[in-house]
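# Coordinate analysis (summary)
Each chain, letter by letter, is given below.
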Amino acid sequence: MAEKIALVESFLSCHVCSETFRDPVSLTCNHSFCSSCLQKFWEQAKNKNCPICKRKSSKDYPSINLSLKDLADSFAKTQNNDSSETEEEKEKEEVVCDKHPEVPYWFCEDEQRAVCPVCDFLLHHGHKLVSIEQAVSDLKDQLKSDLKSLQDKRNKYKLVEKTYNEMVEHSKKQLLSTEKQIRAEFNKLHQFLKEEEESRLAALREEEEQKGKTIGREMKRIQEQISSLSHSISAVEEDLQKHNVSFLSSYKPTQTRARDQCSLSDPQLVSGALIDVAKYLGNLSFRVWEKMKEKVHFTPVILDPNTANPYLYLSDDLTSVRRGDTNQQLPDNPERNTKYIEVLGSEGFSSGKHSWEVEVGDHPDWLVGLAKESVDKGEKYASPEYGIWCLIHCNGKYVNGAGKTVRVKKSLQRIRVQLDYDRGEVSFYNPEDMTHICSYRDTFTEKLFPCFSIGKAADAKTTDIKICQTEISL
């Protein structure tokens, strides 16, 4: 009989995990595996070959073999029933007092254990004693609450894991897109600049690799926590299935571990996990041609795509932005503006004087200015009180951060932004004649970043706002 059971067990065992099949799938080569085991094996092997015969699978996601699943589930249930019967027999042996088998046990809440009311009466005099049934009911309620906390904690870790997966995929797209743009720029240059091109590509790949390792380390830690939480959840669920004394004798360590893990801090996404695209694309031509000591066009501010709201579309050179009609599928990384339709510059200022011009044309709805580094990317208002110093055009009016209308002689086609960090001053001018528009005076205590927002263009000819180039003679 044992040999027959062993033969059936061998037939119903997965060749990857050596356990009874769970949701088995069968490949065209007729070899079968647990669905999850096969997917993990393929991910590690980076191919779709059979783990046994190495034959390539014709399907990316084989269907569940329902007949084999029913057989495996039936066999596993039989094995579990046999195991449960053994546990019940052991439990009966533990419950019965040798001297007073007919007397029901009590539970001492002071010492957290079951006792015989006859043998141990004097030892527990003055202690709080309750019936076994009441004790089990109360303690299982506590453990169920702990189980809920564990499950909630695991869900939070899974949510962070999902975001990291999105960031990994987005980083790969950034790598391909950035590499393409770098090549396009370098193709415009002379052959002797080839060495500079390859150097920058190597740096880009190195950063992608390092960022990938960073995310990999964080994901490994997240996965370890998920695994640990899953083990604890399984342990709690297992204890909840036990009866009376058997449960009472083992629940405490499980509960302690569960509560320790429930007290863990929630998982947090690390900043800076995406590729710093702006470092490679920003002012690329200027930085390369600077070595040639000739006149070049320089853009003083480069937009950071990692901060852009999903409704904003940036130009390839990261110097202009327009409002789109669709929400792009972008990872919810910590740097990204999610509530307001904004994008920040890639570099901030913590000292000195800085200026740049923005071409707004006849666009009806825009914001230009500066935002402090710690500005809330969720709930905020465009005012100095919330760390934003700006000029706004909306509903045909120019408005400052205090909500007051700013009067101008004629419609502005360009805006000049000037920052004197050390004096605590932000000013806006019409660059055509350097007419002053408005200014802010404040005390800056942290890095300031150029800030841009744009609404829908409607019938305007200007569909985007663009940071203007500056001529520099070397």
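Residues numbered from 1 in each chain as written. Predicted model: local features only at pLDDT ≥ 70, side-chain atom pairs only at ≥ 80, totals over all residues. Heavy atoms only, no water.

## Focus on the overall build of the protein chain
To be explicit about the condition: Comment: elements are numbered from the N terminus, with helices defined as DSSP H or I runs of at least four residues and strands as E runs of at least two. Type-normalised accessible area, obtained with a 1.4 Å probe on protein chains alone, sets the label of each residue: buried when under 20%, exposed when over 50%, and partly exposed for intermediate values. Contact criterion: two residues are considered in contact whenever any of their non-hydrogen atoms come within 4.5 Å of each other. Where accessible areas are quoted, they stem from the Shrake-Rupley method and a 1.4 Å probe; at the residue level, only the protein chains shown are allowed to cover.
Broken down by element type, the protein chain carries 8 helices and 19 strands. Scored against the burial criterion, the 474 residues of the protein chain give a buried share of 42%. Long-range pairs, those at least 24 residues apart, make up 64% of the contacts in the protein chain with a sequence separation of at least 6. Of the roughly 27000 Å² of accessible surface on the protein chain, 48% is carried by carbon and sulfur atoms.

## Observations regarding the side chain of Gln181
When you line up the elements, Gln181 lands in helix α4 (residues 132-187). Beyond its immediate chain neighbours, meaning those up to four positions away, Gln181 contacts Leu281, Asp316 and Asp317.

## Description of the environment of Asp276
Inspection of the secondary structure puts Asp276 in the loop between α6 (244-262) and α7 (277-281). For Asp276, a relative accessible area of 30% puts it in the partly exposed group. Taking the C-alpha atoms as reference, Asp276 lies 8.7 Å from Ser346; in sequence the two are 70 residues apart. Ignoring anything within four residues of it in the chain, the contact list for Asp276 reads Glu207 and Lys211.

## Regarding the pattern of salt bridges
The condition is simple: A pair is scored as a salt bridge if a Lys or Arg side-chain nitrogen falls within 4 Å of a carboxyl oxygen belonging to Asp or Glu.
What the rule picks out here adds up to 20 salt bridges. Where Lys172 meets Glu169, a salt bridge forms, and the shortest distance between an N and an O atom there is 3.9 Å. Here the residue Lys172 and the residue Glu169 both occupy positions in helix α4, the gap between them amounting to 3 residues, near one helical turn. Taking relative accessible area as the criterion, Lys172 reaches 43% and is therefore assigned partly exposed. The class of Glu169 is partly exposed, set by a relative accessible area of 45%.

## What about unusual backbone geometry?
Negative phi characterises most residues that are not glycine, and trans characterises most peptide bonds. Here Ser18, not a glycine, exhibits a phi torsion of approximately 65°, which is positive. Counting through the fold element by element, Ser18 comes out in the loop between α1 (2-11) and β1 (24-26). Residue classification places Ser18 among the exposed residues on the basis of a relative accessible area of 56%. Residues other than glycine seldom take positive phi values, yet Asn395 does so here, at roughly 55°. Structurally, the position occupied by Asn395 is in the loop between β12 (388-394) and β13 (397-400).

## Quick look at the pairing of strand β15 (residues 425-430)
What counts here: Pairing between strands is defined by DSSP: at least two bridges between the two strands are required.
Most of β15 sits out of view: 5 of its 6 residues are buried. Here strand β14 (residues 414-420) hands over to β15 after 4 residues, with Gly424 in that stretch at a positive phi of 70°. The pairing of β15 with strand β16 (residues 435-441) spans 6 bridges and is classified as antiparallel. Bridge assignment links Glu425 to a residue of β16, and that residue is Arg441.

## Description of the confidence of the model for the protein chain
Note the threshold: By definition, pLDDT measures how confident the predictor is in each residue, and it falls between 0 and 100.
With 87% of its residues at a pLDDT of 70 or more, the protein chain shows a mean pLDDT of 85. With pLDDT under 50 throughout, residues 88-96 is counted as low confidence; its partners more than four residues away or in other chains account for 11 contacts.

## Observations regarding the nonpolar core
Going by this rule: Residues enter a nonpolar core if they are buried and are Ala, Val, Leu, Ile, Met, Phe, Trp, Tyr or Cys, with the set joined through side-chain atoms within 4.5 Å.
Core analysis: the biggest nonpolar cluster contains 34 residues, and Leu391, Ile415, Phe428 and Phe452 have the highest contact counts within it. Among the secondary structure elements, those contributing two or more residues to this core are β10 (353-359), β11 (366-372), β12, β14, β15, β16, β17 (448-454) and β18 (464-467). Aside from chain neighbours lying at most four places away, what touches Ile415 is Trp356, Glu357, Val358, Val360, Trp366, Leu391, Phe428, Tyr429, Pro431 and Ile437. The next biggest cluster of nonpolar side chains, apart from the first, holds 30 residues, and it includes Ala114, Val160, Ala258 and Leu274.

## Quick word on the sheet that holds strand β9 (residues 342-344)
Convention followed: Only C-alpha atoms enter the line fits that serve as axes; for helices the fit covers just the stretch in contact. Angles between N-to-C directions range over 0 to 180 degrees.
Across the sheet, which stays open at both edges, the 5 strands sit in the order β9-β17-β11-β12-β13 with antiparallel pairing between neighbours. Of all the strands in the sheet, just β9 and β13 have a single pairing partner and so form its edges. Each strand of the sheet is rotated relative to its neighbour by a mean of 20°, with strand direction disregarded. Bridge analysis of β9 against β17 gives 3 bridges, and the strand direction is antiparallel. Bridge pairing links Leu344 to Cys451 in β17.

## Observations concerning the sheet that holds strand β5 (residues 129-131)
As a general point, the strands of a sheet are linked pairwise by backbone hydrogen bonds and lie either parallel or antiparallel. In space, the 3 strands of this open sheet follow the order β4-β3-β5, with antiparallel pairing throughout. For this open sheet the edge positions go to β4 (113-115) and β5, each flanked by a neighbour on one side alone. Going across the sheet, the axis of each strand differs from the next one's by a mean of 40°, ignoring polarity. For strand β3 (residues 106-108) and β5, the ladder comprises 3 bridges, and the chain directions are antiparallel. Its bridge partner being in β5, Trp106 is matched across the sheet by Ser131. Docked against the sheet, α4 engages β3, β4 and β5, running at close to 90° with respect to β5.

## Concerning the packing of helix α5 (residues 194-240) against α6
Here is the rule: For classification purposes, an angle smaller than 35 degrees is called roughly parallel, one larger than 145 roughly antiparallel, one from 65 to 115 roughly perpendicular, and anything else oblique. Here a crossing is called left-handed whenever its near helix is offset anticlockwise from the far helix by less than a right angle, and right-handed whenever the offset is clockwise.
At a closest axis distance of 9 Å, the pairing of α5 and α6 adopts a crossing angle of 150°. Classified by the interaxial angle, the pair formed by α5 and α6 is roughly antiparallel. Crossing of α5 over α6 shows left-handed handedness. The residues of α6 that touch α5, namely those facing Ser228, Leu229, His231, Ser232, Ala235, Val236 and Asp239, are Phe247, Ser250, Tyr251, Thr254, Arg257, Ala258 and Gln261.

## Some remarks on the packing of α4 against α6
Between α4 and α6, the shortest axis-to-axis distance is 10 Å and the interhelical angle comes to 30°. In this view, α4 runs roughly parallel relative to α6, as classed from their interaxial angle. Of the two possible hands of crossing, α4 and α6 adopt the one that is left-handed. Residues Ile132, Val136, Leu139, Lys140, Gln142, Leu143, Asp146, Ser149, Leu150 and Lys153 of α4 touch α6, and the partners they reach there are Asn244, Phe247, Leu248, Tyr251, Gln255, Ala258, Arg259, Gln261 and Cys262.

## A look at the pairing of strand β8 (residues 320-323)
Pairing geometry for strand β7 (residues 312-314) and β8, over 3 bridges, is antiparallel. Within β8, the position partnered with Leu312 by the bridge is Arg323. What sits between β7 and β8 in their antiparallel hairpin is a turn of 5 residues, with Leu318 showing a positive phi close to 60°. Relative to β18, β8 is paired through 3 bridges, and the arrangement is antiparallel. The residue bridging Ser320 from the neighbouring strand is Lys466, located in β18.

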